[in-house]
Each structure stands twice: as structure tokens, then as C-alpha cells.
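Each chain, written out:
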Amino acid sequence: MTRDQVRQARKPGDRHPTDPRPPQPLTRYFQHITQQARALDRRNPLLWDLLVTGFFVTAALIDYTSGGWKNVTENPTLPGGLILTLSLGLSIPLLWRRTHPFAVVLTMVPFAFVNAWTGALLQAALIMLVALFNVALRTHLRTLLWSYALAVAPFVVVAFRYPAEQGPDQSVAPPAMSLAFSAVIGIAVRTRQEYLASLVERARQLEVERDQQLQLAAAAERARIAREMHDIIGHNLSVITGLADGGRYAATKNPDRATQALDAIATTSRQALAELRRLLDVLREDREDHPEPTAELAPQPSLTDIDHLIAGVRAAGLPVRTTILGNGPLPPGRQLTVYRIIQEALTNTLKHGGPGATSEVVMTYEASGALTVTVTDTGRGATAPAPVNGGRGLPGMRERTALYNGTLEAGPLPHPHQGWRVHLHLPEEIPQ
């Protein structure tokens, strides 16, 4: 059974061990809340900054207005204006924590030093944890180290300013550990964000590459179809044209020959239509659920069809002499390439060789498994226009040859010879 059949055979409640586990209800709830918060932040970043800053400012003002700061201060006689200034100076800068995190730390540090030196010891000094978290989240390691040192320094001042009440064990170690923990959390969140961003970018690149591969595959398929259509239509129409011209000349002098030409035209036309239908039917086979019946498929032409091809060309009025040296098996793909190139070469001779032209096909099987095919004609050659260079014939032959790492040479015969030569060489096929 295939994987799809196995999945279809399962009951709706069954779960395969390799299937992803569905998220729990509580996890889905928190994911939903997180997505909504992120969406709000993306739509209104200033609003989110105001909400966070407003929370800490409110907490600092509550500590000031309620007198709670007097429970931990070393100097409860400090003026209220100083306490208010310190509370606001340690909380308001958070508004710019995401755009200028290091500047926020630099702004808060002087207030922290005054807070430590005067002995106010406001709880608002712990807001430095949020500022350091944003430094770790958005800046470089060197900036984070400087920010950490500046954030710890006020607590060192407290230890030396009030050694009896606030020793190093109480005033330096716990805040230093808390600040380090905040920095580590910021680094961890940043690492996760960068990892997720890399996954998103990789997914985007894979999607782009997939689209490019689809476009390249579509272009290659269009080129292949164009080659097949060109070979089928071009060759058969050339043969039909030659037969029609011969039949027209023979109609007045030899009606039997004209009738034979008409029969050959009908046979060639039916053959061309059959090949076109097979090609179109193959193109329609991409839908497995296609309800319409398709025509019977036939194999592509091979070297066994060379005699029939040459017979049709001879019937169109082009004398062709064939020479086959050696023998050997060829895969179907190589046979199709050789067949199409011989077909195109003879078709070009029919089109451009002129009256009295003859052609010769020499096919040589080498002992190594390579194959050489040479098609020459005695037509007008170099003196005739060469529309094949600007059409699909020669590019199509080169594309077919390149599929098997072969070489193709096409051009007029050297002076003083007259005619055209197509030379194909397919090297030995290396087993994969």
C-alpha cells in the first residue's frame, strides 16, 4: 500500500506516531493572545510603547505617593521633589527602549547613581532590568557589556556608601545576578527571533526556487513540444509539397503517377495527423481524472522507422542513398534523436535543395558504442538562403544532441563542392 492509501485506511481518530501532535487548548489560547499582541504592536508600535511605559511610570508614582519608598530608604528625610524626579527619570526613558536602547540606559544611569548616593534606594531602579533586556535584544555584545557594567555600578556605590546596612552580599550580588539573567533572556529571545527569521527567509527562498523550477520546467516542456511539432509538421508538409508538385506535373502526361502522388499525399497527411493526435493526447494525460477517452498511444519513432521515412522522402522526389556501417543497440531516446535529426536534414534538402538535388545518409556504429551520422546533399548549398538558422530546425537539432552530450555540425560543403552537410556524433553512453 502507498502512503496515501495507508492514511486513507486509518480511522478518523487514529494518529500516526510521525504525525505532528496537535497543540493543546491552553497552548492554542496563549498562541492566539501572542498573535493578537504582535498584531497590535505592528499596527500601533507607539501605542504599545506608551502602554508599557505607562505601566512602569504608574508603578513608580504609586511607590512615591504611597510613601512605600520610605520602608527601604536609608534617608527618609529626602525631599519629595527629588523622589518624584528620580521616579520619573528611572521610568519615562523606557518609551524609547526599542529605538534607542543604549541611550535609554545612559539616560537612566545618572538617576540610578543619584538614587544610590542619596540613599533613596527606590524600587524604580529595578526598571533597569527592562532597559538591559532591550539592549541584549537589539544591540551588539560590546554594547551589552558596557550597559551591564553601567547598570551594576550604582549598586556598587550603595555597597560602599552604606556598608553597615547594605553590604556587598545584599546590595551588589542579587542585582548583578538579576541584571545578568535579564540579559541572558534578551539574548535567548533574540536568538529565537533570528532563528525564526532565518526559517521564514529560507521558506521564502525555497518558494522562489520552486517557482523558478516550475518556470524552467514549463519552458523546457514548451521547447520540447515545439521541437516535436516542428519535426512532425515541417517534415510531413515538405513531403506533401513535393508530392503535390510532382503530381501537378504528372497530371497531364501520366495520370497514373498523379494518382499515386495523391495517394501518397493522403497517406502522409494521415500519418501527420496521427502523430499530432498522439502528441496532444500525451499532453492531456496530465489529469488522472480526465473523463474523456484518449486515443491509443503509440511509441515514438525509432531507427526501425528510418526506411519508411526515407521511402516517403523518395516518393516526394528526393533521391536518397543510405549506408549503414556496423550495428548495435541504442536506447529509445537516442534512436528518437537520430531519427529526428535525419528527418530534419532531409526536410531541409526538400525545402532548399532545389531541382535535381540528391541526398546521402551514412550511419556508422563504432565499437565503443558511439554513433556517427552524416547527411549530405547536392543542393544549392551555400548559395541558397538558410532560413534554418533563424528557425527552429537547427536549434532543435542542437538541443536534442546536447541531451546526450553529443556534437552537431551543420553547414555548406567546402568549395568547390556544392551542397549541405549535417554531421552528428553521439558518444558512448556511460551507465549511471
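Residue indices follow the written sequence of each chain, beginning from 1 at its first position. In view of the model being predicted, local features appear only for residues whose pLDDT reaches at least 70, and side-chain atom pairs are presented and counted only at 80 or more, with totals across whole chains, interfaces and linings using the full set of residues. With hydrogens and water set aside, each side-chain value is computed from the structure's full complement of heavy atoms.

Below, the discussion takes up the side chain of H423. Relative to the elements of secondary structure, H423 occurs in strand β5 (residues 420-426). The buried label applies to any residue whose accessible area, calculated with a 1.4 Å probe on protein chains only, is under 20% of its type's maximum; exposed applies above 50%, and partly exposed to all values in between. Residue classification places H423 among the buried positions, given a relative accessible area of 17%. In protein, a polar contact requires one atom able to donate a hydrogen and another able to accept it; more generally it is a pair of N or O atoms within 3.5 Å, and residues adjacent in sequence count only if both atoms are side-chain atoms. Here the side chain of H423 touches T374 through a polar contact of 2.9 Å, side chain to side chain. Ignoring sequence-local partners within four residues, the contact set of H423 consists of T372, V373, T374, T407, L408 and E409. Helix and strand definitions here come from DSSP, where helices need a minimum of 4 consecutive H or I residues and strands a minimum of 2 consecutive E residues; each element is numbered from the N-terminal end. Here, residues are in contact when the closest pair of their heavy atoms is within 4.5 Å.

Like-charged residues within 9 Å of one another, or nonpolar side chains (Val, Leu, Ile, Met, Phe, Trp, Tyr) within 5 Å, are grouped into patches, provided each residue has over 30% relative accessible area and no salt bridge. Residue-level accessible areas treat just the shown protein chains as cover; the underlying method is Shrake-Rupley with a 1.4 Å probe. Should a side-chain nitrogen of Lys or Arg be within 4 Å of a carboxyl oxygen of Asp or Glu, the pair is scored as a salt bridge. Counting rule applied: Lys, Arg positive; Asp, Glu negative; His and chain ends not counted. Charged side chains are reduced to one point each, which is NZ for Lys, CZ for Arg, CG for Asp and CD for Glu. Taken together, R38, R42, R43 and R192 make up a surface patch of like positive charges. Considering each element in turn, the positive patch owes the most residues, 3 residues, to helix α2 (residues 25-43). As for its position among the elements, R192 is in helix α9 (residues 173-250).

Let us look at the side chain of T401. Tracing the backbone through its elements, the reader meets T401 in helix α13 (residues 393-402). Reaching out from T401, the side chain makes a polar contact with the backbone oxygen of M397 at a distance of 2.8 Å. What T401 contacts, discounting residues up to four positions off in sequence, is T337, I341, G406, T407, L408, L424 and L426.

In this model helix α12 (residues 332-352) runs 30 Å from its N-terminal to its C-terminal C-alpha over 21 residues, within 8% of the 30 Å that 1.5 Å per residue would give. By the criterion of burial, α12 is predominantly enclosed, with 16 of the 21 residues buried. Just downstream of α12 lies G354, where phi reads positive at about 85°. Expected span of a helix: the number of residues minus one, times 1.5 Å.

The next subject is the sheet that holds strand β3 (residues 371-377). Here, strands pair whenever DSSP counts at least two bridges between them. Read from one edge of the open sheet, 5 strands run β1-β2-β3-β5-β4, paired in mixed fashion. Every interior strand has two partners, whereas the edge strands, β1 (320-325) and β4 (407-412), have only one. Going from strand to strand, the sheet's axes swing by 10° on average, the running direction of each strand aside. Here β3 pairs with β5 via 7 bridges, running antiparallel. Note on β5: the bridge partner recorded for T376 is R421. Under this scheme, a helix contributes an axis fitted over its contacting stretch, all axes are lines through C-alpha atoms, and angles between N-to-C directions fall in the 0 to 180 degree range. In the packing of α12 onto the sheet, the strands contacted are β1, β2 (359-365), β3, β4 and β5, and the crossing angle to β3 comes to about 10°.

Glancing now at the nonpolar core. Within soluble globular proteins, side chains that are nonpolar generally end up buried alongside one another. Put simply, buried Ala, Val, Leu, Ile, Met, Phe, Trp, Tyr and Cys residues joined by side-chain atoms within 4.5 Å make one nonpolar core. Among the nonpolar cores identified, the biggest contains 28 residues, and V338, I342, L346, M363, V373 and V375 are the most heavily contacted of them. Counting only elements with at least two residues in this core, the list comes to α11 (306-315), α12, β2, β3, α13 and β5. Of all the elements, α12 adds the most residues to this core, at 6 residues. If we ignore the near neighbours within four places in the chain, the residues touching I342 are I306, L309, V361, M363, V373 and V375. Counting residues in each nonpolar core, the second largest holds 23 residues, with V135, L144, L179 and A183 among its members.

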